[in-house]
Amino acid sequence: MGKAKKLLIGASALLIIMVGCGVAFGRTLSGDDDLMFDDTPKTMDRILQEIRSHMQDYSIDAYIVPSVDAHNTEYISQHDRRLRYVTNFTGSAGTAIITLDKAALWTDSRYHLQAEAQLDGDHWTLMKQGVAGVPTQDQWLLDNLPGVAQVGADPFLITSTEFDRLAKVLIGGGKRLITLERNLVDIVWNNRPAQTAGPLLLLDIKFSGKRASEKVADLRKELETRKAAAIVINGLDEIAWLLNMRGSDIRYNPVFFAYVIVSRSEILLFTNPERINSSVQEHFRSEGITVNVREYNDILKGIEKFVDEGDRLIVASSCSQAIYAHIPVDQRIQVYSIVASKKAVKNSVEAEGMRKAHIRDGAALVRYLHWLEKNVDSNNVTELSGAAKLREFRSVQENFVDLSFTAISSFGPNGAIVHYSPTEETDTLITRDSIYLIDSGGQYLDGTTDVTRSVHMGTPTSFQKEAFTRVLKGFLSLGSAVFPTKTSGTFFDAMARRALWDVGLDYGHGTGHGIGSFLGVHEYPPSIVSNSASPSNQGLEENMFTSNEPGYYEANQFGIRLEDIVQVVKAEVAHDFGGRGALTFYTNTVAPLQTKLMDLTLLSDHEIELINAYHSRVLREVGPLLLDQGDNDAFMWLRQQTQTIVK
């Protein structure tokens, strides 16, 4: 029997069919191992034809192409953008399913308009998640595949929990989910960018607030408690946080490609060894840890060592099926990521750094909005040039490293596309005729920022003012809430929507996400969403940071969103919820809310008091920094924008 082309992984068992030297699971840092003699871009028709040909070789009837990488990362490197390659869709969240005669893409409401514009309708069908009558991926597979069918997936690109769930669904319909030894997109992607492996940044204790040795000691206590020998860490931001290191392998995300195994006696780091130079080794020594470096591709071999010795290993619920299936069930402990939960609660140094970073970031945004107001009539400020100017204002701030994501700089109808980012083809002139939405952020050594403001530099319509004010009411309600420890994000999500729901309006995205400290702009478990069953909806604790971002979007007309980053802090109240502890939010973001867009008749006296108090603080904290930076005009503009509202 020749070497088989399949790796079959059932819901509860691992079967490797092979002869000879076995299946290679690893991911290289330099691209696919096949030699590529022709890097001419392929047509969509050819890409799908070649994938379907390989599907027949592997005897599968459908193939799943997700938007994540091997670390379940939301924002990914160019090397890992398989979904974009096969669909042309550039959104950060989606799943494609290719059968022998159909191809469909599922994405949520943030990207419906974007996907409509980017998909080739001759080859792809858009499935708008959340829209009535649109089948789920599960149902579509059951309805569109023959009675006995196999669905293929890359074991590194599907989490173990999702693999188990989908496998059970398909088994119920007489079908089977299997994983393949090679990624079919990688095989046909002839001009695939090489994987990045850039230099590492070593984070000083004055920014991290806690030495790596202390974090590792905390993990080893968990090993003792759970009677495990080691923990496998696959999250890139978790590894960066644990080791107090940052990287540049994914644009705007200061992480580096790696895995880590922490045992009771050693730390194994799986990455490109060439970048572990003498400076990095000295960093390890100063952090009080000894690190044994292994090749990135050797992660499964590293796991095997513990498995062979009969040890029990902890893995996260977000780990890949490849990692999960490599550990026998009686040696496997799977929980929500222990590192993610620890990282989400900022220490005092991180919390203080976040506050300071947001003040500097607020100065940059104020300077930009003032500049925009002055230059909008020149008829040469576009979404792209505006975003570039904002980056310029951020770049001069202390401790600035980079942006935290591509700016959502959107005017008029483009603002209705929730995660729109302008391109040269879509770049639109910013004028006084509609609402301009700017959602942007920065990476600073002492914190990560994410802020959204919606402004109208002309005369807003009565409906635009009503929509803005109803978004604002939810924004203020959430930001001023008092609540018991571990309150679910579902509570806040409904609170933020109430004023919109009162008149039958809504928005199609979550209300809040956690945020890292010089790490990912999206961080979990903090989560403010309507789905109480979400694994990341574990309740809020003191010193977690999350966004507060309700919105409203009128298709083909305008978009409105307000977003602050808030910190969970103790609340001073008469009672403490029967000993549970009372919490509230401290708003880190300091940037004015445009009063021109407010319908004061819809605001209560208390809401106006909240706005006035906030604006007073914005002027007090940002104003001196503007003067220090020599921008007296921006300071005077800010004074005007933060004048006391009198109803």
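In the block above lies the structure referred to throughout.
Residues numbered from 1 in each chain as written. Predicted model: local features only at pLDDT ≥ 70, side-chain atom pairs only at ≥ 80, totals over all residues. Heavy atoms only, no water.

Colleague: If you had to explain the overall build of the protein to someone new, which residues and values would you point to?
Modeller: Scanning the protein from N- to C-terminus turns up 19 helices and 30 strands. Within the protein, buried positions represent 58% of all 647 residues. Long-range contacts, defined as pairs at least 24 residues apart, comprise 71% of the intrachain contacts of the protein with a sequence gap of at least 6. Accessible surface, the protein: about 25700 Å² in total, of which carbon and sulfur atoms supply 50%. (Helix = DSSP H or I, 4+ residues; strand = E, 2+ residues; numbered from the N terminus. Buried < 20%, exposed > 50% of the residue type's maximum accessible area, 1.4 Å probe, protein only. Contact = heavy atoms within 4.5 Å. Areas by Shrake-Rupley, 256 points an atom, 1.4 Å probe, with all protein chains shown as cover.)

Colleague: Describe the side chain of Thr-469, naming the residues involved and giving the relevant values.
Modeller: With respect to the secondary-structure elements, Thr-469 resides in helix H16 (residues 462-479). Accessibility expressed as a relative area gives 0% for Thr-469, which makes it buried. At 2.7 Å, the side chain of Thr-469 and the backbone nitrogen of Asp-599 are in polar contact. With residues up to four places along the chain from it excluded, the contact list for Thr-469 reads Leu-597, Met-598, Asp-599, Leu-602 and Leu-603. (Polar contact = N/O pair within 3.5 Å; in protein donor to acceptor, adjacent residues only side chain to side chain.)

Colleague: How would you sum up the sheet that holds strand S15 (residues 313-316)? Please name residues and give values.
Modeller: The strand order across the open sheet built from six strands is S14-S13-S12-S10-S15-S16, with neighbouring strands paired in mixed fashion. Strands with a single pairing partner mark the edges of an open sheet, and in this sheet they are strand S14 (291-295) and strand S16 (332-335). With direction set aside, neighbouring strand axes in the sheet form an average angle of 20°. Bridge count between S15 and S16: four bridges; the pairing is parallel. Bridging across to S16, Leu-313 finds its partner in Arg-332. Packed onto the sheet, helix H8 (residues 212-225) meets strand S10 (230-233), strand S12 (259-263), strand S13 (267-271) and S15 and runs at close to 65° relative to S12. The sheet contacts of helix H11 (residues 299-308) involve S10, S12, S13, S14 and S15, and relative to S12 the element is tilted by about 20°. (Pairing = 2+ DSSP bridges. Axes fitted to C-alpha atoms, helices over the stretch in contact; angles between N-to-C directions.)

Colleague: Residue-level account of the packing of H8 against helix H9 (residues 236-243), with values.
Modeller: Remark: H8 packs on H9, axes separated minimally by 7 Å, with the N-to-C direction vectors making an angle of 120°. Classified by the angle their axes make, H8 and H9 are oblique. Side by side, H8 and H9 meet where Ala-212, Lys-215, Val-216 and Leu-219 of the first sit next to Trp-241, Leu-242 and Leu-243 of the second. Residue classes in the contact of H8 with H9 are distributed as six nonpolar, no polar and one charged. (Parallel < 35°, antiparallel > 145°, perpendicular 65-115°, else oblique. Nonpolar A, V, L, I, M, F, W, Y, C, P; charged D, E, K, R; others polar.)

Colleague: Account for unusual backbone geometry, with residues named and values stated.
Modeller: Phi angles above zero are rare outside glycine, and Ser-59 is one such case at about 60°. You can see Ser-59 is positioned in the loop between helix H1 (44-57) and strand S3 (62-66). You can call Ser-59 partly exposed: its relative accessible area is 41%. Unusually for a residue other than glycine, Asn-72 sits at a positive phi of about 60°. Take Asn-72: it is sitting in the loop between S3 and helix H2 (82-87).

Colleague: Any details on the sheet that holds strand S21 (residues 447-448)? Residues and values, ideally.
Modeller: In space, the three strands of this open sheet follow the order S17-S20-S21, with antiparallel pairing throughout. In this open sheet, the two strands that pair with only one neighbour each are strand S17 (400-403) and S21. Here strand S20 (residues 442-444) runs beside S21; their pairing, made up of two bridges, is antiparallel. The residue of S21 that forms the bridge with Gln-443 is Thr-448.

Colleague: Before we move on, can you summarise the environment of Ile-98 with the specific residues and values?
Modeller: Along the chain, the position of Ile-98 falls in strand S4 (residues 95-99). Under the relative-accessibility criterion, Ile-98 is labelled buried at 0%. Taking C-alpha positions, Ile-98 is 15 Å from Ile-178, a pair spaced 80 residues apart along the chain. In this structure Ile-98 touches Leu-48, Ile-51, Arg-52, Met-55, Asp-61, Ala-62, Tyr-63, Val-65, Ala-103 and Trp-124, once residues within four positions along its chain are discounted.

Colleague: Describe the environment of Thr-546, naming the residues involved and giving the relevant values.
Modeller: Within the element layout of this structure, Thr-546 appears in strand S26 (residues 545-548). Along the primary structure Thr-546 and Tyr-524 are separated by 22 residues, whereas in three dimensions their C-alpha atoms are 9.2 Å apart. Setting aside chain neighbours within four positions, we find Thr-546 in contact with Gly-512, His-513, Gly-514, Pro-526, Ile-528, Asp-564, Ile-565, Val-566 and Phe-585. A polar contact of 3.2 Å, which involves the side chain of Thr-546, links it to the backbone oxygen of His-513.

Colleague: Account for the nonpolar core, with residues named and values stated.
Modeller: Formed by 78 residues in total, the largest nonpolar core has its most connected members in Tyr-368, Ile-430 and Leu-472. Ranked by residues supplied to this core, first place goes to helix H14 (residues 348-375) with ten residues. With residues up to four places along the chain from it excluded, the contact list for Leu-472 reads Leu-562, Leu-593, Met-598, Leu-603 and Ile-611. Of all hydrophobic cores here, the second largest spans 56 residues; its members include Met-245, Val-280, Tyr-296 and Ile-338. (Core = buried A, V, L, I, M, F, W, Y, C linked by side-chain atoms within 4.5 Å.)

In short, shape yes, function no, at least from these values alone.
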